[in-house]
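Residues per chain, in single letters:
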Amino acid sequence: MWGQGACHAPSRCCPQAGSAAAHASTHKAAAVDSLAMKCAHQDCPHSARNVLPLQHRRSGYAAVLSGRAPGSHPASRHPASARIVLGLALSLAAVAGLQWPTRGMAQAVGAPQGVVPPRAAPPKPTGLSQLSETESAQPTRAAAAVAVKTEEGDLGGSDFRIDVPSGENASGTGARWNRQLVLYYHGYQPEPEVFRPNPATNAPYPPTRLVTQLLQRGYAVAQPGYRSGGWAIATAPGDADALRHYFSKRNGSPQRTFIVGQSMGGLLTVLSLEQNPHDYAGGLAICGVLAPADAIMQRAFANRVAFDAFFPGILPDVEHIPAGFHMNDPATASVVEKALDAHAAEAALLRSLADIHTNRGLADVLVFNTFVIQDLRNKAGGNPFDNRNLIYTGTTDDNALNARVRRYAADARALHYVAEYGSPSGNLRRPLLALHTTYDPLVPASTAGYYDELTRRLGVGDRFVQQYVDRDGHCNVTPEQVGAAFDELVSWSDGGARPEPGRLPDAAGQKPVHQEPNAVPTQPKTVGKPQ
């Protein structure tokens, strides 16, 4: 699922106490990013009528500078004690009670009128996670300054953040709001996103580098945090709709709205364009899951139990995964990696099955998928995985694998849940541009081929374009590349030429020269991590 080309690189994206230094020393270069795959099965469907009164936590002007303010916390919005050591793997939050309670109306003593103290922020990945998370933790000093009006709050239990270009910065220049909005869907996280002020300044953190790319172009950006963590497909669309309506009430109706989503957010982008085309002008899916969730999840499960066939007892039994299992546990990933290193033939078989290049990358994905499996079991209310009719092929020893792997039967109701949340139809009525890396252990770029076939069968293939960048890792796309792809989307939506499928054009709008077959491609410093 994640390992072969359908989702994130599942292995190091789970809440884990520890330091950034420990994370760096434990992870190897082949680590892959984590996919968001958790959704609260018990949550009530989100709708506008269910939105609770908004309680502002922070509203004001925040200068978007290239670096953190003096004394600000380097790990985004989370204290050091809650930092996650690894951010890779696709795990599902299997802990009952991961849902955060709705914020109450009480105000903290000494807090400004109307400001509600933020609830405790859950630990979140800091290394190989979604663009939004990683970039918040590691700002780029080269980013141009942009002045914005930032608002953070809560709508019906879903945190949100809104950034609107104010037109003024330290130099007296800056982008003004062009009266258009970008709704940003983040990717898979074990816990709901919680936006909270910088404790050093009691002001909002600067926007991430990716969001800054959009703000520099004059667009306002609204980010729903989702009411549930993990595979939030069931509830995130309602959270996004509530935020869109709230934005219009506060700032006036935008002339048009685009969607940008990454990883799981890429699937949410597709589903929103298909189901509510009248609300959006177009969408950009970055490293998105563009295939049916059930097919992707079944693949991830099949790879995980294939590992158990040759390495029993190293990872928890898929039917008895402990509630405290971490999707990005470096210690567990290291144990898996050492086992793979000690048995080269079996490791090669499993890597060929998952289409993953290294033992460390495979270990990360397996740990991440273990978390996701439990998350989906909790949300679906049973076992949604079934490999009884699967014949394993394409490995170095298919006969040995099929003879040894254990077979599991799914619960029909749970199986239906995963298929329902969510499967794109291909009925695309607005322009959709997808951007992917050429090697993504968690959500392979090949998954976009499935969606391409769907759209062409329905006669709407001209509304979908897949582009790529020559980089390794999940979501390992630079903010500048995202900005260039977004410009293509806007031009296309304005009636311009349909972007050319294939390699993303460079800044000058020209296709870069392709490398010779024997040339060694430039590798990112940390594979799987946005640079």
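Look a little higher up for the structure.
Because the structure is a prediction, the values reported are computed rather than measured.

1. Overview of the pattern of salt bridges
Phase 1: Applying the stated rule across the entire model yields 19 salt bridges.
Phase 2: For E319, the salt bridge identified is with R406, shortest N-O distance 3.3 Å. In this pair, E319 is assigned in the loop between α6 (293-310) and α7 (330-342) and R406 in the loop between α10 (398-404) and α11 (412-420), connecting sequence segments 87 residues apart.
Phase 3: According to the relative accessible area criterion, E319 is partly exposed, its value standing at 33%.

2. Let's talk about the pairing of strand β4 (residues 180-185)
Phase 1: Most of β4 sits inside the fold, with 6 of its 6 residues counted as buried.
Phase 2: Covered by surrounding structure in β4 are Q180, V182 and Y184 together with L181, L183 and Y185, the residues of both alternating faces.
Phase 3: Note that β4 and strand β5 (residues 220-224) share 3 bridges and pair parallel. Along β5, the bridge assignment pairs L181 with A220.
Phase 4: Taken together, β4, helix α3 (residues 209-216) and β5 constitute a β-α-β crossover, and its handedness is right-handed.

3. Some words on unusual backbone geometry
Phase 1: A cis geometry characterises the amide bond from Y421 onward to G422, with omega recorded as -5 degrees.
Phase 2: Relative to the elements of secondary structure, G422 occurs in the loop between α11 and β8 (432-439).
Phase 3: Positive phi values are uncommon outside glycine, yet Y226 reaches one of about 75 degrees.
Phase 4: Secondary-structure assignment places Y226 in the loop between β5 and α4 (236-251).
Phase 5: Backbone geometry at C287 places phi at a positive 45 degrees, although glycine is not the residue there.
Phase 6: Within the secondary structure, C287 sits in the loop between β7 (282-286) and α6.
Phase 7: For C287, a relative accessible area of 1% translates into the label buried.

4. As for α6
Phase 1: Given a rise of 1.5 Å per residue, 18 residues ought to cover 26 Å, and the 27 Å separating the end C-alpha atoms of α6 matches this to within 8%.
Phase 2: Counting buried residues in α6 gives 15 out of 18 residues, a clear majority hidden from the surface.

5. Focus on the nonpolar core
Phase 1: In this structure, W231 and L350 are the most contacted members of the largest nonpolar core, which totals 88 residues.
Phase 2: Judged by nonpolar contacts, the second largest core, of 29 residues, contains Y219, F258, V260 and W492.

6. Re the state of the cysteines
Phase 1: Within this structure, the stated rule accounts for 1 disulfide.
Phase 2: The side chain of C287 participates in a disulfide bridge whose partner is C475; the two sulfur atoms lie 1.8 Å from each other. Judged by the sign of its S-S torsion, about 60 degrees, the cystine formed by C287 and C475 is right-handed. Remark: C475 occurs in the loop between β9 (464-472) and α13 (479-493) and C287 occurs in the loop between β7 and α6; sequence separation between them is 188 residues. No difference in accessibility class separates C287 from C475, as the two residues are buried.

Scoring rules and cut-offs
Residues numbered from 1 in each chain as written. Predicted model: local features only at pLDDT ≥ 70, side-chain atom pairs only at ≥ 80, totals over all residues. Heavy atoms only, no water. Salt bridge = Lys/Arg side-chain N within 4 Å of Asp/Glu carboxyl O. Helix = DSSP H or I, 4+ residues; strand = E, 2+ residues; numbered from the N terminus. Buried < 20%, exposed > 50% of the residue type's maximum accessible area, 1.4 Å probe, protein only. Pairing = 2+ DSSP bridges. Right-handed = clockwise from strand over helix to strand, strands pointing away. Expected span 1.5 Å × (residues − 1). Core = buried A, V, L, I, M, F, W, Y, C linked by side-chain atoms within 4.5 Å. Disulfide = S-S within 2.5 Å.

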